[in-house]
Amino acid sequence: MTDRQTLTHLLNTLTPTVVDGDNFTAANTHPEGPRLYGGQVLAQTLRAAVMTIEPDRRVHSQHAYFLRPGDPAVAVELEVERARDGGSFSSRRVVAHQHGRPILVSSLSFQKPEQSDEYALEMPDIPGPEGLQSERARELANGEINPQFMIVTGSDLDVRVVNPVDWVKPVAREPVLQAWMKTTAPVADEPGLHEGLLAYMSDAFLIDVALITHGKHYSEGMQCASLDHAIWFHAPFRADEWLLHITEAQRLGGGRGLSHGRFYNTAGALVATCMQESLMRQL
């Protein structure tokens, strides 16, 4: 089996190339896959925006709407609009295009670091990653791995779910997933790279956690897609060190699901929060 998702490949696809001015292009992680992974485009829009920002400002929020399904065989074109550069905040709007049509629009806000009072939800007492089997090892052992669409099963990410889901025969369970995630090797301190990697990882389980509420799976007569996605970056972190992503389904109804996620580092600091509304339509 050819591993189509190495860390080098992932880093290359999450690093847009300048075309001219504030226009960029980027390749796809799974060019022969069944669909374009939304987390990839989230990360690419974030990194394109970072390339237009002064280095003393860091991204603190990203909001995005998924408009059309992406074509994995076609490069993503990224157009950045410099909405505002103020005294301490900067705003950018990025549109991702394919075939001359927008597939995703994203707004991002950047801020100069400031000191203030601190408070955050504490990390719950959850088993650490040591001793847990990775999703890659688990699916290889079960013969279930899909070499054309490796989101959490490639050799780029080490993803270890505390209570794994049997996606071949899913059963209804409490809609909570807890996954330790990091890259499989150290990565550089390039501007926005670690934030881009977290954006990529943040899209991995937010639909899944809503599906397990009733024991459903993508292939079981369901039409599933990300509709909108938001991330708030609270504190510095490294994506090549363990991050705990806790996802919970908040609401299902009207053919949609709303899920919430929190990222903690191993010291227990809440470093990012995300939310996503997804299409969950029974066919």
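Attention here is on the structure that accompanies the text. Keep in mind the model is a prediction, meaning the values are calculated, not measured.

**Some thoughts on the packing of helix H2 (residues 38–50) against helix H4 (residues 193–202)**
Packed helices, taken two at a time, are described by their axes: the angle between them and the distance between them.
Here is step 1: Here H2 crosses H4 at 160 degrees, and the two axes come no closer than 7 Å. Classified by the angle between their axes, H2 and H4 sit roughly antiparallel to one another. Helix-helix and strand crossings are classified by hand; for H2 and H4 the assignment is right-handed. Of the residues in H4, those touching H2 at Gly-39, Gln-40, Leu-42, Ala-43, Leu-46 and Arg-47 are Leu-193, Glu-195, Gly-196, Ala-199 and Tyr-200.
Here is step 2: Grouping the constituent residues of the contact of H2 with H4 by class yields six nonpolar, three polar and two charged.

**Topic: the packing of aromatic side chains**
Here is step 1: Enumeration according to the criterion identifies two aromatic pairs in this entry.
Here is step 2: Arranged with centres 4.9 Å apart and planes meeting at 80 degrees, the rings of Tyr-37 and Tyr-200 form a pair that is edge-to-face. Separated by 163 residues along the polypeptide, Tyr-37 in the loop between strand E2 (23–26) and H2 and Tyr-200 in helix H4 bring together distant segments of the chain. Each member of the pair, Tyr-37 together with Tyr-200, is buried.

**Structural notes on unusual backbone geometry**
Glycine aside, residues mostly have negative phi, and peptide bonds are mostly found in the trans state.
Here is step 1: The backbone of His-99 shows a phi angle near 55 degrees, a positive value even though the residue is not glycine.
Here is step 2: The residue His-99 is located in the loop between strand E5 (89–98) and strand E6 (101–111) in this model.

**Describing empty space enclosed by the protein**
By rolling a water-sized probe across the atoms, one finds the places where empty space is left.
Here is step 1: Summed over the entire model, instances satisfying the criterion amount to one cavity of 30 Å³ or more.
Here is step 2: Looking at the largest cavity, its volume works out to about 30 Å³.
Here is step 3: Residue composition of the lining of the largest cavity, grouped by class: six nonpolar, no polar and two charged.

**Here we look at the pairing of strand E9 (residues 222–233)**
Here is step 1: Here strand E3 (residues 58–66) pairs with E9 via five bridges, running antiparallel. Bridge pairing in E9 links Ala-64 to His-229.
Here is step 2: Sheet analysis places E9 next to strand E12 (residues 270–282), joined by eleven bridges and oriented antiparallel. Pairing of Cys-224 across the sheet is with Met-280, part of E12.

**A closer look at the sheet that holds E2**
Here is step 1: An order of E1-E2-E4-E5-E6-E3-E9-E12-E11-E10-E8-E7 is seen for the twelve strands of this open sheet, with the pairing classed as antiparallel. Either end of the sheet is taken by a strand with one partner, and the two such strands are strand E1 (17–20) and strand E7 (157–161). Each strand of the sheet is rotated relative to its neighbour by a mean of 25 degrees, with strand direction disregarded.
Here is step 2: Where strand E4 (residues 76–85) lies against E5, eight bridges are found, and the strand directions are antiparallel. What sits directly across from Arg-84, in E5, is Ser-91.
Here is step 3: Set on the sheet, H2 makes contact with E2, E3, E4, E5, E6 and E9; between it and E6 the angle comes to about 50 degrees.

**Considering H4**
Here is step 1: With ten of ten residues buried, H4 lies mostly within the body of the structure.
Here is step 2: By the burial criterion, the buried members of H4 are Leu-193, His-194, Glu-195, Gly-196, Leu-197, Leu-198, Ala-199, Tyr-200, Met-201 and Ser-202.

**So, the pairing of E7**
Here is step 1: Among the five residues of E7, five are classified as buried, and the element is accordingly described as predominantly covered.
Here is step 2: Across the two faces of E7 the burial is the same, with Leu-157, Val-159 and Val-161 and Asp-158 and Arg-160 all buried.
Here is step 3: Across five bridges, E7 lies against strand E8 (residues 176–183) in antiparallel orientation. Within E8, the position partnered with Arg-160 by the bridge is Trp-180.

**Brief notes about the pattern of salt bridges**
Here is step 1: Applying the stated criterion across every chain yields a total of twelve salt bridges.
Here is step 2: Residues Arg-256 and Glu-277 are paired through a salt bridge, measuring 2.8 Å at the closest nitrogen-oxygen approach. Note that Arg-256 is positioned in strand E11 (residues 256–265) and Glu-277 in strand E12, a separation of 21 residues in sequence.
Here is step 3: Residue Glu-277 is classed as partly exposed on the basis of its relative accessible area of 23%.
Here is step 4: In the salt-bridge network here, residues are joined through shared partners; they are Asp-56, Arg-57 and Lys-112.

Parameters at a glance
Residue numbers run consecutively from 1 along every chain, following the written order of its sequence. In keeping with the model being predicted, local features are shown solely for residues with a pLDDT of at least 70 and side-chain atom pairs are shown and tallied solely at 80 or more, while totals for entire chains, interfaces and linings include all residues. Computation of side-chain values: all heavy atoms of the structure, hydrogens and water removed. Between N-to-C directions, angles span 0 to 180 degrees; the directions come from axes that are lines fitted to C-alpha atoms, helices contributing only their stretch in contact. Secondary structure is summarised from DSSP: a helix means a run of H or I of at least four residues, a strand means a run of E of at least two, and numbering begins at the N terminus for each. Roughly parallel means an angle under 35 degrees; roughly antiparallel means over 145; roughly perpendicular covers 65 to 115; every other angle is labelled oblique. Two helices that cross are described as forming a left-handed crossing if the nearer one is turned anticlockwise from the farther one by less than a right angle, and a right-handed crossing if clockwise. Throughout, a contact is declared for two residues whenever any of their heavy atoms are within 4.5 Å. Residue type decides the class: Asp, Glu, Lys and Arg count as charged, Ala, Val, Leu, Ile, Met, Phe, Trp, Tyr, Cys and Pro as nonpolar, and the leftover types, Gly among them, as polar. Ring pairs are drawn from Phe, Tyr and Trp, using the six-membered ring of Trp, whenever the two centres fall within 6.5 Å, and their geometry is named by plane angle: stacked under 30 degrees, edge-to-face over 60, tilted for the rest. When a residue's accessible area, from a 1.4 Å probe over protein chains only, is under 20% of the maximum for its type it is buried; when over 50% it is exposed; and in between it is partly exposed. Cavities and pockets were defined on a 1 Å grid built from protein atoms only: a cavity is a group of points that admits a 1.4 Å probe but offers it no way out, a pocket is an open group of points flanked by protein on both sides within 12 Å along at least five of seven lines, and a lining residue is one with an atom within 4 Å of any such point. Grid points are joined across faces, edges and corners, and a volume is the space filled by probe spheres set on the points. Between any two strands, at least two bridges found by DSSP are needed for them to pair. Any Lys or Arg side-chain nitrogen found within 4 Å of a carboxyl oxygen on Asp or Glu counts as a salt bridge.

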